[in-house]
Amino acid sequence: MRVPFTKMHGLGNDFVVLDARGDPLPELEPRVAAALADRREGIGCDQVILLEKSESADFRMRIFNSDGGEVGACGNASRAVALLHGAPARVETAGGTIALEPSDGGASVDMGVPRFEWDAIPLDYPMDTLRMPVGWGYLEEPGAANVGNPHVVFFVADSDAIALDSLGPEIETDPLFPERVNVNVATIVDRTRIRLRVWERGAGLTRACGTGACATAVVAMRRGLVEREVAVELPGGALTILWQEDGRIRMTGPATESYRGSFEWDDYA
Ligand SMILES: N[C@@H](CCC[C@H](N)C(=O)O)C(=O)O
C-alpha cells in the first residue's frame, strides 16, 4: 500500500504527518513510527503525527515521538496541522481537546488549562510543584507543569551553558517521573522574554518545543518572574505564549510545509 505523507515543521521541530481522516491506515505500531522517524533509514522527523476521524471533535491528532512512544500533546505539530487543515478546528488529542486557528504562515492554538498537582504531572510522590526540592548536578529546584504532557522547568543564568545532552536524558528517565518527562532550561531575559532549550522525552534535543514553551511560561508566571504574555525564544525561533484570564494557554507562532511524498507501508511494517 502506497501512503502519502506531508513533511512539516514548526520552528525546526519536524514532523511526518499522515492523514487517515479519509482512508484509514493499519494501526501505527510504535516500531513503525520509530522506523518512519529514523533520520538515516526512514523519512526522518522528531514526531510522527497521525490524523484520524474523531467522535468528539472535528478530527483526532495522535502524536508519536521518534522513539515510537505515543504521547499526549505537541504544540509545534498543532500549528503545523492547523496550516495543513486550513480552517479553524477542534482537535481531540490524548492530552485533551485543543482548538486551532490558522493564520498567515502559522497558527494560534488554544492549548487548554495547565495542571500543577503532583499526581497530574505525574510525579512518583507528593511535593510542591512550584519549587520542587530536588536537583541534578547544578540544576536545582525546578517547577513542573502538565500541558497535555509532562514538563519540568529549570531557571538558570544562561540556558546555552547547560549540558542538556547529558543532563536531559538523566532527568527524563529519573524514577521521580513515572511517565518520564520533558526537560526545559530557561533564562529570564526580562519580564516579556524567556530564552529556552528543551530536551524532549522520546526525541532528545529539538530546535523548538511548543508545549515546553507553554509549560515554561506558566511556571515563570506562577513564580512572578514574567507578565501573562511572553515571547519564548527557542533555538529555532520565537513563540508568543499568553496565559489567559480564563486559565487557558494560547500559543501563537509559525508553521511550514517542507514537501510531500509517499512511502510503501510494507517497507516499514
Ligand atoms: N515537540 C513537541 C512535544 C512532543 C512530545 C514530547 N516529546 C513528549 O514526549 O511529551 C512540542 O512542540 O510540544
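Since this is a predicted model, take the numbers as computed values, not measurements.

1. Some thoughts on the site of the ligand
Part 1 of the reasoning: In the neighbourhood of the ligand, 15 residues make up the surrounding shell, with N13, G75, R201, G210 and T211 lying closest.
Part 2 of the reasoning: N13 has a polar side-chain atom sitting 2.7 Å from a nitrogen atom of the ligand.
Part 3 of the reasoning: For the ligand, an oxygen atom lies 2.8 Å from a polar atom in the side chain of N65.
Part 4 of the reasoning: Here the ligand has 360 Å² of accessible area as a free molecule, and 100% of this is covered by the chains.
Part 5 of the reasoning: The cavity that encloses the ligand is the largest cavity.
Part 6 of the reasoning: Here the residues of the shell around the ligand sort into 4 nonpolar, 9 polar and 2 charged.
Part 7 of the reasoning: When residues of the shell around the ligand are assigned to domains, at least three map to each of domain 1 (2-104 + 259-267) and domain 2 (118-247).

2. A look at empty space enclosed by the protein
Part 1 of the reasoning: Under the counting rule described, the total for this entry stands at 1 cavity of 30 Å³ or more.
Part 2 of the reasoning: Estimates place the volume of the largest cavity at around 100 Å³.
Part 3 of the reasoning: Lining the largest cavity we find 15 residues, and of these Q47, N65, A73, N149 and E200 sit closest to its centre.
Part 4 of the reasoning: When residues of the lining of the largest cavity are traced back to their parent elements, those giving at least two are α2 (75-85) and α4 (210-222).
Part 5 of the reasoning: Across the lining of the largest cavity, the residue classes tally to 4 nonpolar, 9 polar and 2 charged.
Part 6 of the reasoning: Lining the lining of the largest cavity are residues from two domains, each supplying at least three of them: domain 1 (2-104 + 259-267) and domain 2 (118-247).

3. Some details on the side chain of N65
Part 1 of the reasoning: Checked against the element boundaries, N65 lands in strand β4 (residues 59-65).
Part 2 of the reasoning: With relative accessibility at 5%, the residue N65 sits in the buried group.
Part 3 of the reasoning: In this structure, N65 is in contact with D46, Q47, V71, E200, R201, G202 and A203, ignoring residues within four places of it in sequence.

4. Describing the environment of A99
Part 1 of the reasoning: Relative to the assigned elements, A99 resides in strand β7 (residues 96-103).
Part 2 of the reasoning: When the C-alpha positions of A99 and T252 are compared, they lie 12 Å apart, and in sequence the two are 153 residues distant.
Part 3 of the reasoning: Ignoring anything within four residues of it in the chain, the contact list for A99 reads A89, R90, S108, V109 and D110.

5. Brief notes about the UniProt feature "active site" (unreviewed entry) in the chain
Part 1 of the reasoning: Within the UniProt annotation, "active site" (unreviewed entry) is assigned to C74 and C209. On the basis of their most widely separated C-alpha atoms, the annotated residues across 136 residues gather in one place, lying no more than 7.6 Å apart. Restricting the annotated residues just mentioned to those that line the largest cavity leaves C74 and C209.
Part 2 of the reasoning: Topologically, C74 is positioned in the loop between β5 (70-71) and α2.
Part 3 of the reasoning: Beyond its immediate sequence surroundings of up to four residues, C74 is in contact with N13, F15, Q47, M61, I63 and T211.
Part 4 of the reasoning: Along the chain, the position of C209 falls in the loop between β15 (204-205) and α4.
Part 5 of the reasoning: C209 sits in the buried class, given a relative accessible area of 4%.
Part 6 of the reasoning: Discounting chain neighbours no more than four positions away, the residues touching C209 are N76, H151, V198, E200 and L234.

6. Side note on the layout of surface pockets
Part 1 of the reasoning: There is about 200 Å³ of room inside the largest pocket.
Part 2 of the reasoning: Of all the elements in the fold, those that place two or more residues in the lining of the largest pocket are β7 and β8 (106-112).
Part 3 of the reasoning: Its residues assigned to classes, the lining of the largest pocket comprises 7 nonpolar, 9 polar and 1 charged.
Part 4 of the reasoning: Viewed by domain, the lining of the largest pocket spans two of them, domain 1 (2-104 + 259-267) and domain 2 (118-247), each represented by three or more residues.

7. A look at the side chain of R223
Part 1 of the reasoning: Looking at the secondary structure, you find R223 in the loop between α4 and β16 (229-234).
Part 2 of the reasoning: Look at R223: it is buried, it has no salt bridge, and the nearest opposite charge is E141 at 6.1 Å.
Part 3 of the reasoning: With residues up to four places along the chain from it excluded, the contact list for R223 reads L130, R131, E141, P142, G143 and F155.

8. Comments concerning the pattern of salt bridges
Part 1 of the reasoning: Counted under the stated rule, the structure contains 21 salt bridges.
Part 2 of the reasoning: A salt bridge links E29 to R31; the nearest nitrogen and oxygen atoms lie 3.2 Å apart.
Part 3 of the reasoning: Here E29 falls in the partly exposed class, since its relative accessible area comes to 36%.
Part 4 of the reasoning: The salt bridge partner of D67 is R180, with a shortest N-O separation of 3.1 Å.

Calculation criteria
Residues numbered from 1 in each chain as written. Predicted model: local features only at pLDDT ≥ 70, side-chain atom pairs only at ≥ 80, totals over all residues. Heavy atoms only, no water. Near = heavy atom within 4 Å. Polar contact = N/O pair within 3.5 Å; in protein donor to acceptor, adjacent residues only side chain to side chain. Areas by Shrake-Rupley, 256 points an atom, 1.4 Å probe, with all protein chains shown as cover. 1 Å grid on protein atoms, 1.4 Å probe; cavity = no way out; pocket = protein on both sides within 12 Å on 5 of 7 lines; lining within 4 Å. Sits in = over half its atoms within 2 Å of the grid points. Nonpolar A, V, L, I, M, F, W, Y, C, P; charged D, E, K, R; others polar. Domains from an automatic or database assignment. Points joined across faces, edges and corners; volume = space filled by probe spheres on them. Helix = DSSP H or I, 4+ residues; strand = E, 2+ residues; numbered from the N terminus. Buried < 20%, exposed > 50% of the residue type's maximum accessible area, 1.4 Å probe, protein only. Contact = heavy atoms within 4.5 Å. UniProt positions renumbered as here; feature names shortened; annotations may be inferred. Lys, Arg positive; Asp, Glu negative; His and termini not counted. Salt bridge = Lys/Arg side-chain N within 4 Å of Asp/Glu carboxyl O.

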